[in-house]
Amino acid sequence: MAQQAQFDLVIIGSGPGGYVAAVRAAQLGMKTAVVEKASRLGGVCLNVGCIPSKALLDSSEYYHLAKDRFAEYGIKTGKVSLDLPAMMARKDKVVEELTENVRKLLDGNNIEIIHGTASIPAPGSVEVDTGKKKKTTLSAKYILLATGSEPIEVKGLEFDGKHIVSSTEALSFDTVPKHLGIVGGGYIGLELGSVWSRLGSTVTVIEMLPTIATTLDGQVGRTLDRILKRQGLEFRLNTKVAKAAVAGKKVKAVLEGKEKTEEMTFDRLLVSIGRRPLTRGLGIEVLGIDTDPKTGQILVDETYRTSVDGIYAIGDLVPGPMLAHKASAEGTAAVECMAGRAGEVNYDTIPAVVYTWPEVASVGLTEEQVREKEIPYCVGSFPFSGAGRARCMGETDGFVKLISHGKTDRILGVHIIGPRAADMIAECVLALEFGASSEDISRTIHGHPTFAEALQEAAMNVRKCSIYAS
């Protein structure tokens, strides 16, 4: 007889969607359990995604600054050398500390943590294989699926974990590849390409489409392309990897472009063409939970309930951008809906960030989308080269671009490429949430000198009233 326990809510997955949902449920008085198959909490984001990648991005940026730029600031450092094991140890420590903080957070809210592989034999029941002879059965009024996603594997480019790798392995290379090939010019590929390029790799990004980072505003994407090329990244656009094979310690790949086919040899090949929902083993097919036949994503209603009553899903499992902060917002909203409250997520104001340097951040509609929707619009922009703070720091690449409605002046979208764009975008998200106009931003006093002044100037330029506008 399996051991049984009764809960109001059982959450499968402890990533940013799962653990945030669990805490909110506990706050609302729900007896909650979280099931996590990995030994550490935090899901992909904290363990092999957002957090370790940002730790390496920051470390590699410091190395690049010390090696190539400190001299212009009057700092003599002598010969700078790379200690890759120490850099990886720092990254691992950051991950360990944050995952332990998640455990403390759940424990502090009296949330039961169960490590094991979960499946759903029937609505209201979760079976957990903890590695013991007897499985643990949890009974719950509600079940929330928050198992996240996994890298997509390509036929002919199967992962071997050492030479042809996913983003997970690319976070833990034991040596700096002399030549790193990256299949896919999206956010993940560009960020990891930046890390290893700064540390000494020759990086070649192979993208089937004519542009990198295709979801960005076109003007921003073109600027990012130019800056990354200047930093040393090489792009093969309109090109696909027809096949790749490991030969000795190298990867030989055949690249097919519009005009020619060529063979390139890499030390490592990172395949980063996207991610897919991780639903294997949950039993959603037997339960009859509806999914999108093309993407495999679970279909939910406005309360995040699936087609099976009592079972909910959030995050990378459901339609929308695969972003940690989206999953957290959905986790909160789903639990509030279970509790009879009005939980919701405004998908028009979810920010997106690319953590290259300079950073790229955006919220709302791109100029291309505004044109497609035939919305009358105005654009204001301002370069960071005109911002005093950016000049002081020597970070003058990029600009702020603000798009507002041509008749109402309501802000439709903001796109930033430049220093600290990831932090600056929060003000823009708030502006969109409150239906602010470009005039509202332009009349809001920003501290001087700050990067955020560039946003104020861009807003002024919408009305052509910036005193610095040419």
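Residues numbered from 1 in each chain as written. Predicted model: local features only at pLDDT ≥ 70, side-chain atom pairs only at ≥ 80, totals over all residues. Heavy atoms only, no water.

Enquirer: Residues and numbers for the overall build of the protein chain, please.
Expert: When helices and strands are counted, the protein chain shows 14 helices and 22 strands. A compact globule built from 470 residues should have a C-alpha radius of gyration of about 23 Å, and the protein chain, at 24 Å, falls within 12% of that. Across its three principal directions, the C-alpha atoms of the protein chain cover 75 × 60 × 45 Å. When the 470 residues of the protein chain are sorted by exposure, 51% land in the buried category. Look at the contacts in the protein chain between residues 6 or more apart in sequence, and 63% of them connect residues 24 or more apart. Summing over all exposed atoms, the protein chain offers an accessible surface of approximately 22300 Å²; the carbon and sulfur share of this is 51%. Each charge class in the protein chain was averaged separately, 54 positive and 57 negative side chains, and the resulting centres sit 4 Å apart. (Helix = DSSP H or I, 4+ residues; strand = E, 2+ residues; numbered from the N terminus. Rg over C-alpha atoms; globule rule 2.2 N^0.38 Å. Buried < 20%, exposed > 50% of the residue type's maximum accessible area, 1.4 Å probe, protein only. Contact = heavy atoms within 4.5 Å. Areas by Shrake-Rupley, 256 points an atom, 1.4 Å probe, with all protein chains shown as cover. Lys, Arg positive; Asp, Glu negative; His and termini not counted. Charge placed at Lys NZ, Arg CZ, Asp CG, Glu CD.)

Enquirer: Just give me the short version of the packing of helix α1 (residues 16–27) against helix α9 (residues 324–338), but keep the residues and values in it.
Expert: Taken N-terminus to C-terminus, the directions of α1 and α9 make an angle of 30 degrees; their axes are 7 Å apart at the nearest point. In terms of their interaxial angle, α1 and α9 are classed as roughly parallel. Between α1 and α9 lies a crossing of right-handed hand. Counting all contacts with α1, which are made through Pro16, Gly17, Val20, Ala21, Arg24 and Ala25, the residues of α9 involved are Ala324, Ala327, Ser328, Gly331, Thr332, Val335 and Glu336. (Axes fitted to C-alpha atoms, helices over the stretch in contact; angles between N-to-C directions. Parallel < 35°, antiparallel > 145°, perpendicular 65-115°, else oblique. Left-handed = near helix turned anticlockwise from the far one by under 90°.)

Enquirer: Run through the sheet that holds strand β14 (residues 261–266), naming residues and quoting values.
Expert: The strand order across the open sheet built from three strands is β12-β13-β14, with neighbouring strands paired in antiparallel fashion. Because the sheet does not close on itself, it has two edges, and the strands there are β12 (239–247) and β14. For this sheet the average axis-to-axis angle between neighbouring strands, irrespective of direction, equals 25 degrees. Where strand β13 (residues 250–257) meets β14, six bridges bridge the pair, whose relative direction is antiparallel. Residue Lys252 lies in a different strand from β14, and its bridge partner there is Thr265. (Pairing = 2+ DSSP bridges.)

Enquirer: Which residues make up the pattern of salt bridges, and what are the values?
Expert: Scanning the entire structure with this criterion turns up 24 salt bridges. Residue Arg371 is joined to Glu367 by a salt bridge in which the shortest nitrogen-to-oxygen separation is 3.1 Å. Residue Arg371 and its partner Glu367 are both found in helix α10 (residues 367–372); the two are separated by four residues, about one turn of the helix. Its relative accessible area of 52% is what places Arg371 among the exposed residues. For Glu367, a relative accessible area of 13% puts it in the buried group. Each member of the salt-bridge network shares a partner with another, and the members are Asp217, Glu367, Arg371 and Lys401. (Salt bridge = Lys/Arg side-chain N within 4 Å of Asp/Glu carboxyl O.)

Enquirer: Give a detailed account of the environment of Gly131, specifying residues and quantitative values.
Expert: Structurally, the position occupied by Gly131 is in the loop between β5 (125–129) and β6 (136–145). We classify Gly131 as exposed; its relative accessible area is 67%. Expressed as a C-alpha distance, the spacing of Gly131 and Thr117, which sit 14 residues apart in the sequence, is 8.7 Å.

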